Amino acid sequence: MAKIITMTSGKGGVGKTTSSAAFGTGLALRGFKTCIIDFDVGLRNLDLIMGCERRVVFDFINVINGEARLSQALIKDKRVENLYILPTSQTRDKDALTQEGVGKILDELKKEFDYILCDSPAGIEKGALMALYWADHAIIVTNPEVSSVRDSDRILGVIQAKSRRAEQGLEPVKEHLLVTRYDPDRVEKGEMLKVEDVLEILAIPLLGIIPESPAVLKASNVGMPVVLDDKSNAGQAYGDAVGRFLGETIEHRFIKPEKKGFLDRLLRRTA
């Protein structure tokens, strides 16, 4: 039975679309047929991160409105078997999303895919609520800073009250925490929250800790999900998160400052 995962956040700019691209790609690399849907109508970015912006002919809204078939709008990734992208419109507004239309497309996708990953807009506007409504799993993306964590707490309340599962009295949406842009050096200096502090506030299972890394920006700029850069610490961290989601026991990495060698310490003193 296909599962719907919604990647969400209370605040913009935390790396949610980057995480959607990396996580969906990671599932496909494990052999699961995966579709990533961009729910951010009007601010389409998923196709850029996935490197398929020039291949967009029809989109999510075209399919909802009956202007194109789902098969015409789905874009098959050229690098990873089993991976597909459903882009959204840059020119429509959020009202183009209807519960009936979205539900119909998701039901159609469920017949073909193992996982459907919804890249939700930040906050609680219509596109975000629509993506959260259908979730079987919700991955909450937050940075280790107070305002981001507080906004994430608000999103958890929305999931618990307004999801389809809550509405129908079904088993609750499974919630997971993904902490992004984590910098152990800044945490040690007290400039960022510790992982333990974030967990104490949100009280949901920790799926992964993604370290601050130049590899993330580099991958985004060339249209490549960073999980494909398996030599980078961020790429490895996303791979670990996918493994944990699938039930593997994997120790969290990249949460302690790197030990500096003698030369590094000497250069820092003379800088």
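Residues numbered from 1 in each chain as written. Predicted model: local features only at pLDDT ≥ 70, side-chain atom pairs only at ≥ 80, totals over all residues. Heavy atoms only, no water.

1. Looking at the pairing of strand E6 (residues 137-142)
So, point 1. For E6, the tally of buried residues reaches six of six residues, placing the bulk of the element in the interior.
So, point 2. Burial along E6 is two-sided: His137, Ile139 and Val141 facing one way and Ala138, Ile140 and Thr142 facing the other are all buried.
So, point 3. As paired elements, strand E1 (residues 3-8) and E6 share four bridges and run parallel to each other. Note that in E6 the partner of Met7 across the bridge is Ile139.
So, point 4. One ladder, built from six bridges, connects E6 with strand E7 (residues 174-182); its direction is parallel. Within E7, the position partnered with Val141 by the bridge is Leu178. (Buried < 20%, exposed > 50% of the residue type's maximum accessible area, 1.4 Å probe, protein only. Helix = DSSP H or I, 4+ residues; strand = E, 2+ residues; numbered from the N terminus. Pairing = 2+ DSSP bridges.)

2. Describing the nonpolar core
So, point 1. Ranked by size, the top nonpolar core spans 35 residues in total, and within it Ile5, Phe23, Met50 and Leu178 carry the most contacts.
So, point 2. The element contributing the most residues to this core is helix H12 (residues 233-245), with six residues.
So, point 3. Aside from chain neighbours lying at most four places away, what touches Met50 is Ala21, Thr25, Ile36, Asp77, Arg79, Leu83, Ile85, Gly223 and Pro225.
So, point 4. Counting 27 residues, the second largest nonpolar core, distinct from the first, contains Ala73, Leu106, Leu109 and Ala131. (Core = buried A, V, L, I, M, F, W, Y, C linked by side-chain atoms within 4.5 Å. Contact = heavy atoms within 4.5 Å.)

3. Thoughts on the packing of aromatic side chains
So, point 1. Summed over all chains, the structure comprises six aromatic pairs.
So, point 2. The structure contains a cluster of three or more aromatic residues connected by ring pairs, namely Phe23, Phe32, Tyr115 and Phe245.
So, point 3. Between Lys33 and the ring centre of Phe113, over which it is positioned, the NZ or CZ distance is 5.3 Å. (Phe/Tyr/Trp six-rings, centres within 6.5 Å; stacked < 30°, edge-to-face > 60°. Lys NZ or Arg CZ within 6 Å of the ring centre and 35° of its normal.)

4. Some details on the environment of Ile209
So, point 1. Mapped onto the secondary structure, Ile209 falls in strand E8 (residues 206-211).
So, point 2. Classification of Ile209 by relative accessible area gives buried; the value is 4%.
So, point 3. Sequence separation between Ile209 and Thr180 is 29 residues; the distance between their C-alpha atoms is 6.0 Å.
So, point 4. In contact with Ile209, other than residues within four places in its own chain, are Val179, Tyr182, Val195, Ala237, His252, Arg253 and Ile255.

By themselves, these figures tell us nothing about what the structure is for.
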